[in-house]
Amino acid sequence: MSAPPLLKRFPANTVGRDFAVGDIHGHFTRLQAALDAIGFDPAVDRLFSVGDLVDRGPECEEVIKWLNKPWFHPVRGNHDDYVCRYDTCDIGNWLHNGGSWFLGLPSLEQANYQVMFNELPIAIEVETPEGLVGLLHADCPFPSWFELQFELTGATEHKRLKLVKNTCMWSRNRIEFGDASGVADVRAVVCGHTPVRQPVVLGNVYHIDTGGWFPDESGHFTLLDLQTLAATPPIPAKLEW
Ligand SMILES: [Mn+2]
């Protein structure tokens, strides 16, 4: 059996709208409320997620229902990757980061989760009438989207591929350094992982984890329209985070 693809491409949505959402962390009721607020229509619209579907929140096991929705398409976040590596990862570290929901599950269920989460790609690209939009969890390791495509689909040597994948899932370099150089050869890149009060746009890179999962409800889910790149709620003119 061949390994699931690390990069998945979706053709343009000719009948409805496409949205991206930031980290979810087991808050699917809140996510559904955000979708209801924009009149999301599951018959024609699609929702792309930058990953971190589980850990921390109260409804992590709901993820199974969501992964079965034909209009829901997530990439793999660093928390989702814990599920993929549950039998080999640092359990103490995962527990500290919200993994208790998983560690109490029966072993057969754990194994089933691993199979499901192994299907999650590292990056997704969505065709829109305005150009290609890329999604990944944390950061694009390269100045060009073509380079990422090449590394994720080619014969990249194992150690290097691991570094590329981990950078996509874990890095905060771009946002921490305020690097606005952007990613070439793609219209926009959408990512999460680093919580921000309002979406932060650096070059053509959109950071949209506005903390819809925050336990104290001080954040909100941002839904980014992939064709117009307009956010709901709108991004304030003055950027601050
Ligand atoms: Mn993350």
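Going by the structure above, here's the rest.
Starting from 1, residues in each chain are numbered consecutively following that chain's sequence as written. At least 70 in pLDDT is required for a residue's local features to be given in this predicted model, at least 80 for side-chain atom pairs to be given and counted, and no such filter applies to totals for whole chains, interfaces and linings, which use all residues. Hydrogens and water are ignored here; the side-chain numbers use all heavy atoms of the structure.

Peer 1: What should I look at first to understand the sheet that holds strand β4 (residues 72-74) in this one?
Peer 2: Within a sheet, each strand pairs with its neighbour through backbone hydrogen bonds, oriented either parallel or antiparallel. Two strands make a pair as long as DSSP finds a minimum of two bridges between them. Secondary structure is summarised from DSSP: a helix means a run of H or I of at least four residues, a strand means a run of E of at least two, and numbering begins at the N terminus for each. Here we have 5 strands laid out as an open sheet, ordered β4-β3-β2-β10-β11, and mixed in their pairing. Each end of this open sheet is capped by a strand with a single partner; those strands are β4 and β11 (231-232). Where strand β2 (residues 18-21) and strand β10 (residues 223-225) come together, 3 bridges link them in antiparallel fashion. Note that in β10 the partner of Phe19 across the bridge is Asp225.

Peer 1: Please clarify how the coordination of the manganese ion should be interpreted in this entry.
Peer 2: Working reference: metal with six octahedral donors, ideal angles 90 or 180 degrees; metal with four tetrahedral donors, ideal angle 109.5 degrees. Distances define the donors: N, O and S atoms within 2.8 Å of the metal qualify, as do those within 3.2 Å of Na, K or Ca. Water is excluded, so some sites may look unfinished. With distances of 2.1 to 2.3 Å, the protein atoms coordinating the manganese ion are Asp52 (OD), Asn78 (OD1), His137 (NE2) and His193 (ND1). Along the chain, the residues donating to the manganese ion fall in the pattern D-x25-N-x58-H-x55-H. Remark: Asn78 occurs in helix α3 (residues 78-84) and Asp52 occurs in the loop between β3 (46-49) and α2 (63-67); sequence separation between them is 26 residues. One exposure class covers both Asp52 and Asn78, and it is buried. Using a 1.4 Å probe on the protein chains alone, a residue whose accessible area is under 20% of its type maximum counts as buried, one over 50% counts as exposed, and one in between counts as partly exposed.

Peer 1: What should I look at first to understand the pairing of strand β7 (residues 188-191) in this one?
Peer 2: Look at any regular strand and the pattern is simple: side chains alternate between the two faces of the sheet. Neither face of β7 is left uncovered, since the one carrying Ala188 and Val190 and the one carrying Val189 and Cys191 both have all their residues buried. Sheet topology places strand β6 (residues 131-136) next to β7; 3 bridges connect them, and they run parallel. Paired with Leu135 across the bridge in β7 is Val190. Two strands pair when backbone bridges link them, and β7 and strand β9 (residues 205-207) are joined in this way by 3 bridges, in the parallel orientation. Looking across to β9, one finds that Val190 is bridged to Tyr206.

Peer 1: Looking at this model, I keep getting lost on the pattern of salt bridges. Mind explaining?
Peer 2: Any two side chains of opposite charge can pair, on the condition that their charged atoms come close. Any carboxyl oxygen of Asp or Glu within 4 Å of a side-chain nitrogen of Lys or Arg constitutes a salt bridge here. Here the structure, examined in full by the defined rule, presents 9 salt bridges. For Asp81, the salt bridge goes to Arg76, with nearest N and O atoms at 3.3 Å. For Asp81, a relative accessible area of 7% puts it in the buried group. With a relative accessible area of 6%, Arg76 lands in the buried category.

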